[in-house]
Amino acid sequence: MAMDLIPYPVGPLNPKVQDLLVALALFAAVFLFFVRVLPRLQRVLDARDEAIRGAAEHAEAVRARAEEKRAEAVAVLADARHDAARIRQQAFEEGAAVIAAARAEGQDERDAILAEGRARIEAECAAAEAELRMSVPELASELASRVVGERISAPMEPRSGRAQ
């Protein structure tokens, strides 16, 4: 026979002692679970959340540093491109100046060579004309001697009335 806690019949409010002992044992087990195991479990979950938050913060810091380095690299590349363009432009201008200077020097040399050639030709023409003027009487007398068939002597002094 089951034993009632209260000797009067009060319905469901009068539990049996063995039911009460089973309920008390279950309550003690659940209470110990919540008192002992749940705080440890909560500490483990909190530590895991903290580790995840720390890893996320670390990842965000690394991402920010990487973005900063990328921006610096882009700026350095832009500066290098600008410097390269400036150097190319400067080299082009220097090359054009060298070409212009060489062209002007070539023109000056050509003009000097042409002037020297003209002067030399004029001098040689003048020398040839002078030489011809000296030998004209002799050549004329020789030609006249051949035409006439007799020897004709050339006059010794040239005439002064001729235009030179």
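Basis of the calculations
- Residues numbered from 1 in each chain as written.
- Predicted model: local features only at pLDDT ≥ 70, side-chain atom pairs only at ≥ 80, totals over all residues.
- Heavy atoms only, no water.
- UniProt positions renumbered as here; feature names shortened; annotations may be inferred.
- Helix = DSSP H or I, 4+ residues; strand = E, 2+ residues; numbered from the N terminus.
- Salt bridge = Lys/Arg side-chain N within 4 Å of Asp/Glu carboxyl O.
- Buried < 20%, exposed > 50% of the residue type's maximum accessible area, 1.4 Å probe, protein only.

The protein is annotated in an unreviewed UniProt entry as ATP synthase subunit b of Streptomyces xiangluensis. In UniProt, the protein has this text filed under Sequence similarities (unreviewed entry): "Belongs to the ATPase B chain family." Here the protein is described in UniProt, under the heading Subcellular location (unreviewed entry), as follows: "Cell membrane".

Asks: Sorry if this is basic, but what is going on with the UniProt feature "transmembrane region" (unreviewed entry) in the protein here?
Replies: Feature annotation in UniProt places "transmembrane region" (unreviewed entry) on residues 20-38, given in this structure's numbering. A helix fraction of 100% and a strand fraction of 0% characterise residues 20-38, whose end C-alpha atoms lie 25 Å from each other.

Asks: What's the story with the pattern of salt bridges in this structure? I'm lost.
Replies: Close approach of charged atoms allows side chains with opposite charge to pair. In this structure the tally under the stated criterion is eight salt bridges. Here E67 makes a salt bridge to R70, at a shortest N to O gap of 2.8 Å. A residue pair is termed a helical-turn pair when its members lie 3 or 4 positions apart in one helix, as E67 and R70 do in helix α1 (residues 17-148) at three residues. Across the pair R86 and D83 runs a salt bridge, and its minimum N-O distance is 3.8 Å. One end of the pair, R86, and the other, D83, are both in helix α1, three residues apart, so they sit about a helical turn from each other. Looking at D83, the relative accessible area reads 34%, which means it is partly exposed.

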